[in-house]
Amino acid sequence: YGAVSEPVVRAMAEGVLRAIDAATVAIAVSGVAGPDGGTADKPVGTIWLAWARREKDGALRLEARCERFAGGRDDVRRWTVRLALERLLAG
């Protein structure tokens with residue numbers, strides 16, 4: 001799959017909750033912020049994000065999504081953080 005993929009960010013987020021009993025939420029991000037490193041399949045601006053939550057019954061809930069942000073490296077990073085936090089707060 002490569003580092004920039006759904007299975008990787010899902011494993012990262014789930015791994016945090018499995019490793020740290022006190023954690024109730026986790027966010028994982030992997031992507032190509034640029035300015036280099038993009039490919040035809042994963043151009044610069046491609047970001048995978050995952051959110052994991054530990055439910056009150058102990059079950060883990062995972063969500064992942066791919067985005068493609070325009071702009072330079074700083075723009076891609078800002079949009080990534082914004083989306084990650086907005087989705088976390090939305091529950």
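Residues numbered from 1 in each chain as written. Predicted model: local features only at pLDDT ≥ 70, side-chain atom pairs only at ≥ 80, totals over all residues. Heavy atoms only, no water.

## What about helix 1 (residues 6–19)?
Its 14 residues give helix 1 an end-to-end C-alpha distance of 20 Å, which sits within 8% of 20 Å, the value for a rise of 1.5 Å per residue. Elements that come into contact with the buried residues of helix 1 comprise strand 1 (25–31), strand 2 (46–54) and strand 3 (60–68). (Helix = DSSP H or I, 4+ residues; strand = E, 2+ residues; numbered from the N terminus. Expected span 1.5 Å × (residues − 1). Contact = heavy atoms within 4.5 Å.)

## So, unusual backbone geometry
Cis geometry is found at the peptide bond from G34 to P35, where omega equals 5 degrees. As for its position among the elements, P35 is in the loop between strand 1 and strand 2.

## Overview of the pairing of strand 3
Bridging between strand 2 and strand 3 involves nine bridges; their strand directions are antiparallel. Looking at the pairing, T46 lines up with R68 of strand 3. Here strand 2 folds back onto strand 3, and the loop between the two strands holds five residues, one of which, G58, carries a positive phi near 95 degrees. (Pairing = 2+ DSSP bridges.)

## Comments concerning the sheet that holds strand 3
Through backbone hydrogen bonds, the strands of a sheet pair up, either in parallel or in antiparallel fashion. Ordered by their spatial adjacency, three strands build an open sheet running 1-2-3, and the pairing between neighbours is antiparallel. Edge positions in the sheet fall to strand 1 and strand 3, since each of these pairs with one other strand and no more. The sheet shows a mean angle of 15 degrees between the axes of neighbouring strands, direction not considered. Each of strand 1, strand 2 and strand 3 touches helix 1; the most contacted strand, strand 2, lies at about 30 degrees to it. Contacts from helix 2 (residues 73–90) reach strand 1, strand 2 and strand 3 within the one sheet, and its direction differs from that of strand 2 by about 25 degrees. (Axes fitted to C-alpha atoms, helices over the stretch in contact; angles between N-to-C directions.)

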